[in-house]
Amino acid sequence: MRFFYGLNRDTISIRGTNMRDVIIIGGGPAGATLARLIGQNHNVLLIDKKSSDESKTTFKKPCGGLIAPDAQRALARFQLEIPTEVLANPQLFAVKTIDLQARRVTHYQRFYLNVNRHRFDSWLLSLVKGADVIDNARVQKIEKSDLGYKVSFVREGRVHFEETRMIVGADGADSIVRKTFFKRKIRQYMAIQQFFNASETKPLYASLFDHTLTDSYGWGLVKDGELIFGAALTLSDSR
């Protein structure tokens, strides 16, 4: 894998001899895994919003950073072991659900791996071999071309272009690939989170349900000395 920090690389241009086989938009678990699986056998470019430098990234996904059992089994099938520096404290063995309308609190056992989401994604990207990775870049436009697709993206204030035979959207719910080529709309929410000191708080992962606020849910969890408290709210009422 090669991270492109410079802006004068030959690969950041449109040239018929440099037509990509696949461009993957999004460097999360799905995009990084696909790039890892096909990068050594195909001409692959992955474009990601995040900066590889955790302290400088301007894109931070509103994600609790919990690896569920199904995802753990997927990692096991690939014989991948998460490094200790990716893990966050504490590890969680139970979920607390709070239903305000039903006035019901329930606890059930479930083992999640508590991780730092940025470090987890960066670790998965570090496993990619052969594919090229451009970080800290935002795709602006995707157009159909005679041979495939033309992709324009911005990095450090400059616009760059690439051409590819195949495009893969691994850029989440607000995917530019979905919005460009598929007209089906999905429900949208505003995720709002706050962080509080949690040095005296017990290990916690809680889901909060209150249908007077949202038809989605709220969450609370402790991670590395902080309590993350947030909710997914409808756009019209989120403020």
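Just so it is clear, the model here is predicted, and its values are computed rather than measured. (Residues numbered from 1 in each chain as written. Predicted model: local features only at pLDDT ≥ 70, side-chain atom pairs only at ≥ 80, totals over all residues. Heavy atoms only, no water.)

(A) How the structure looks around helix 1 (residues 29–38). Of the positions making up helix 1, those classed as buried are Gly31, Ala32, Thr33, Ala35, Arg36 and Ile38. Those residues of helix 1 hidden inside the fold are in contact with strand 2 (20–25), strand 3 (44–47) and helix 3 (117–126). (Buried < 20%, exposed > 50% of the residue type's maximum accessible area, 1.4 Å probe, protein only. Helix = DSSP H or I, 4+ residues; strand = E, 2+ residues; numbered from the N terminus. Contact = heavy atoms within 4.5 Å.)

(B) Summary view of helix 3. Helix 3 sits mainly inside the fold: seven of its 10 residues count as buried. Every buried residue of helix 3 is listed here: Arg117, His118, Phe120, Asp121, Trp123, Leu124 and Leu125. Buried residues belonging to helix 3 abut helix 1, strand 3, strand 4 (66–67) and helix 2 (69–77).

(C) Quick look at the environment of Ala94. If you trace the backbone, Ala94 turns up in strand 5 (residues 92–99). Placed 12 residues apart in sequence, Ala94 and Thr106 show a C-alpha to C-alpha distance of 10 Å. For Ala94, the residues in contact, after removing those within four places along its chain, are Tyr108, Gln109, Arg110 and Tyr205.

(D) Representation of the pattern of salt bridges. One pass over the full model with this rule turns up 13 salt bridges. One network of salt bridges, in which partners are shared, links Asp48, Lys50, Arg117 and Asp121. (Salt bridge = Lys/Arg side-chain N within 4 Å of Asp/Glu carboxyl O.)

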